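Spelled out, the chains give:
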Amino acid sequence: MDVEWLRKYCLSFPATSEEIKWGNDLCFLVVDKMFCVSSLEAPYKIAFKVSDEEYETLSVSEGFQPAPYMARAKWVLISSSNTLSKKQWEQYIRQSYELVKDKLTKKVRKENGIE
């Protein structure tokens, strides 16, 4: 997994954009809400939202840790892109997108064609 693959995958979701924040972090947003954040330089550190149930398990699993500043919102941080297979990356990033998208109001989802 590298940043170009991550960009292509994240930007394939409807109503998704990207921004550089905090100087060196690439953030992917659905409408205006972040669903994935990656450092721009290797070794890549990637953070994303997980379900409440998964957070309890993943945040203490090898290769994972609670994401700084975002742990209260159930985000985890992975410090090595080799921690997950490509299929697992796709699953977790898609899930993060869906979790964040589902928190948007119905009106916002409809306005952005992501209902």
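Everything numeric in this text was worked out from a predicted model, so none of it was measured. Sequence order as written defines the numbering, with residues in each chain counted from 1. Reporting in this predicted model follows two pLDDT cut-offs: at least 70 for local features of residues, and 80 or more for side-chain atom pairs to be given and counted; totals over whole chains, interfaces and linings ignore these cut-offs and use all residues. Calculated side-chain values reflect all of the structure's heavy atoms, with hydrogen atoms and water omitted.

### Some details on the overall build of the chain
Part 1: A tally of regular secondary structure across the chain gives four helices and six strands.
Part 2: We take the radius of gyration over the C-alpha atoms and set the globule estimate at 2.2 Å times the residue count to the 0.38 power. The C-alpha atoms of the chain give 13 Å as radius of gyration, which agrees with the globular expectation for 115 residues (13 Å, within 12%).
Part 3: By its C-alpha atoms, the chain is 40 × 30 × 30 Å across when sized along the principal axes.
Part 4: Only protein chains enter the accessibility calculation, which uses a 1.4 Å probe. A residue is then buried if its area is under 20% of the maximum for its type, exposed if over 50%, and partly exposed in between. For the chain, buried positions account for 39% of its 115 residues.
Part 5: For this analysis, residues touch if any pair of their heavy atoms sits within 4.5 Å. For the chain, the proportion of contacts with a sequence separation of at least 24, taken over those separated by at least 6, is 46%.
Part 6: On the chain, roughly 6,700 Å² of surface is accessible, and the fraction owed to carbon and sulfur atoms is 49%. Secondary structure elements follow DSSP: runs of H or I of four or more residues count as helices, runs of E of two or more count as strands, with numbering from the N terminus. Methods summary: accessible areas were calculated by the Shrake-Rupley approach with a probe of 1.4 Å, and residue burial reflects only the protein chains presented.

### So, the packing of aromatic side chains
Part 1: Any Phe, Tyr or Trp ring, taking Trp's six-membered ring, that has another such ring centre within 6.5 Å forms a pair; planes under 30 degrees apart are called stacked, those over 60 apart edge-to-face, and the others tilted. Scanning the entire structure with this criterion turns up seven aromatic pairs.
Part 2: The interplanar angle of 80° and the centroid separation of 5.3 Å between the aromatic rings of F35 and Y97 together place this pair among those described as edge-to-face. Of the two residues, F35 sits in strand β3 (residues 33-39) while Y97 sits in helix α3 (residues 86-103), which places them 62 residues apart along the sequence.
Part 3: Under the relative-accessibility criterion, F35 is labelled buried at 0%.
Part 4: On the basis of relative accessible area, Y97 is assigned to the buried category, the value being 1%.
Part 5: Relative to W89, the ring of F48 lies with its centre 6.1 Å away and its plane at 75°, an arrangement referred to as edge-to-face. With F48 in strand β4 (residues 46-49) and W89 in helix α3, this pair connects stretches of sequence that are 41 residues apart.
Part 6: The class for W89 is buried, based on a relative accessible area of 1%.
Part 7: Joined through ring pairs, the aromatic side chains of W5, Y9, F13, F35 and Y97 make up one cluster.

### Some details on unusual backbone geometry
Part 1: Positive phi, normally seen in glycine, also occurs at A15, with a value near 60°.
Part 2: With respect to the helices, strands and loops of the structure, A15 is situated in the loop between α1 (3-10) and β1 (16-21).

### As for α1
Part 1: Taken together, the buried positions of α1 are occupied by V3, W5, L6, Y9 and C10. Down the axis, α1 shows its buried residues gathered within 160° of arc, on one side only. More than 90 degrees from the buried face of α1, the exposed residues found are E4 and K8.
Part 2: Tucked inside the fold, the buried residues of α1 contact β1, β2 (25-30), β3, β4 and α3.
Part 3: Within 3.5 Å is the distance limit for a polar contact, defined as a pair of N or O atoms, with the added protein rule that one can donate a hydrogen and the other accept it, and that residues adjacent in sequence qualify only through two side-chain atoms. Structurally, the start of α1 carries an N-cap: the backbone nitrogen of E4 is 3.2 Å from a side-chain oxygen of D2. The arc in question is the one traced by the directions running from the helix axis out to the C-beta atoms.

### Points about α3
Part 1: Here the expected span of a helix is defined as 1.5 Å times the quantity of residues minus one. For α3, spanning 18 residues, the distance from its first C-alpha to its last is 26 Å, which sits close to the expected 26 Å at 1.5 Å a residue.
Part 2: Taken as a whole, α3 has its buried residues at W89, Y92, I93, S96, Y97, V100 and K101. Along the axis of α3, the buried positions cluster into a sector of 165°, meaning they face one direction only.

Any functional reading would require information beyond the geometric quantities listed.
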